[in-house]
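Structural features, examined
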Amino acid sequence: MKCAAVFLAAVFAFSPVRADEAKLSAALDAFEQLTLWREASGAAGGNLEPTGGIRRWNRELRVRVAGRSSSSELAIVMKYLREATEIAGLRMTVLEGEGTDENFKIEFFPEYMAPPVLQGAGCVARSWWGGSGEYTRAELHIRSGSRGFARCVSHEILHGLGIPAHPHNLHSVMSYTQQGFSDYTEIDKASLRLLYRAEVRPGLFHLPAMVAARQILAAEMGLGDPAAVGRARKGR
């Protein structure tokens, strides 16, 4: 899983190796683990497969909430969704009333009406994308009153924004083994922010995505040419 990060670190290495290079390699490895790998379908034991490239939103989120929830549960969901979209730089509009014009649906289910997919989980996200890798729709299904509600919600929202993996070695809400927190970690924020940089566009394949991510990180850390550093710090 780390082969692409190791390869790119070797290709772009500076001499002598500095502490910022180790920091860059760690950030690049986290980005790769979170966005470019996923559990193989039907595989047991955490077997991984490549995602096939970058998949994420490239349009405004039109959010609609359905079903009944407590005010505290809804507040938690909107807190994490707003935070994540702000980090990603995505525009978000919350739609009122009933309708079908949303592209991000949040639906609450009481325990007795929860669909089978929620019997063993507090919440589940599903996403759809086109051939370009651009997300077209996501749905977040939530079982009201479920245990570990906040962590489940923050975790599944990142799935709904384009982070498919569960790297258990990272300090991330996406890990199943790193527990005891619900808020997005610095690793989560940095990887999500990087995923939504214009250079890391939907549909970009694994190695080109890693090259683009590495160039952004190097410029942000002052390891590139002055012009590139200036562009990166302005977010362009």
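Shown above is the structure to which this text applies.
The paragraphs below set out a description of the structure included in this document.

Thresholds applied
What you see as residue numbers is a count from 1 along each chain, following the sequence as written. Two thresholds apply to this predicted model, a pLDDT of at least 70 for residue-level local features and 80 or more for giving and counting side-chain atom pairs, whereas whole-chain, interface and lining totals are computed over all residues. By convention in this description, side-chain values take in all heavy atoms of the structure and omit both hydrogens and water. The angle between two axes is taken between their N-to-C directions and runs from 0 to 180 degrees, where each axis is a line fitted to C-alpha atoms and a helix contributes only its stretch in contact. Only DSSP runs of H or I covering at least 4 residues are called helices, and only runs of E covering at least 2 are called strands; the numbering of each starts at the N terminus. An angle below 35 degrees is treated as roughly parallel, one above 145 as roughly antiparallel, one from 65 to 115 as roughly perpendicular, and anything else as oblique. Note on contacts: a residue pair qualifies if any of its non-hydrogen atoms lie within 4.5 Å across the two residues. Throughout, the ten residues Ala, Val, Leu, Ile, Met, Phe, Trp, Tyr, Cys and Pro are labelled nonpolar, Asp, Glu, Lys and Arg are labelled charged, and all others, Gly among them, are labelled polar. Here, a salt bridge means any Lys or Arg side-chain nitrogen found within 4 Å of an Asp or Glu carboxyl oxygen. Each residue is assigned to one of three classes by its accessible area relative to the maximum for its type, calculated with a 1.4 Å probe on protein chains only: buried under 20%, partly exposed between the two thresholds, exposed over 50%. Strand pairing follows a simple DSSP-based rule, namely that at least 2 bridges must link the two strands. We call a crossing left-handed when the near helix sits turned anticlockwise from the far one by less than a right angle, and right-handed when that turn is clockwise.

Considering the packing of helix H3 (residues 71–88) against helix H5 (residues 186–195)
As a packed pair, H3 and H5 sit with axes 8 Å apart at the nearest point and diverge in direction by 50°. Relative to H5, H3 is oriented oblique. Across the interface between the two elements, Glu-83, Ala-84, Ile-87 and Ala-88 from H3 touch Lys-189, Leu-192 and Arg-193 from H5. In terms of residue class, the contact of H3 with H5 is built from four nonpolar, no polar and three charged.

Here's the deal with the pattern of salt bridges
A full pass over the atoms with the stated rule returns 14 salt bridges. Across the pair Arg-59 and Glu-134 runs a salt bridge whose closest N-O atoms are separated by 3.0 Å. On the criterion of sequence distance, the pair formed by Arg-59 in the loop between strand E2 (48–50) and strand E3 (61–66) and Glu-134 in the loop between strand E6 (123–129) and strand E7 (135–143) is long-range, its members being 75 residues apart. Here Arg-59 falls in the partly exposed class, since its relative accessible area comes to 38%.

Let's talk about the sheet that holds E6
With mixed pairing, the five strands of this open sheet are ordered in space as E4-E3-E5-E7-E6. Edge positions in the sheet fall to strand E4 (92–95) and E6, since each has one partner strand and no second. For this sheet the average axis-to-axis angle between neighbouring strands, irrespective of direction, equals 20°. Pairing geometry for strand E5 (residues 104–109) and E7, over six bridges, is parallel. Note that in E7 the partner of Ile-106 across the bridge is Leu-140. Here helix H4 (residues 149–160) sits on the sheet and contacts E5, E6 and E7; the angle it forms with E6, its principal contact strand, is near 5°.

Quick word on the packing of helix H2 (residues 19–35) against helix H6 (residues 206–220)
Two elements in contact, H2 and H6, have axes separated by 10 Å at closest approach and are oriented at 140°. Helix-helix and strand crossings are classified by hand; for H2 and H6 the assignment is right-handed. Along the contact surface, H2 presents Glu-21, Leu-24, Ala-27, Leu-28, Phe-31 and Glu-32, while H6 presents His-206, Ala-209, Met-210, Ala-213, Arg-214, Leu-217 and Ala-218. A per-class count over the contact of H2 with H6 returns nine nonpolar, one polar and three charged.

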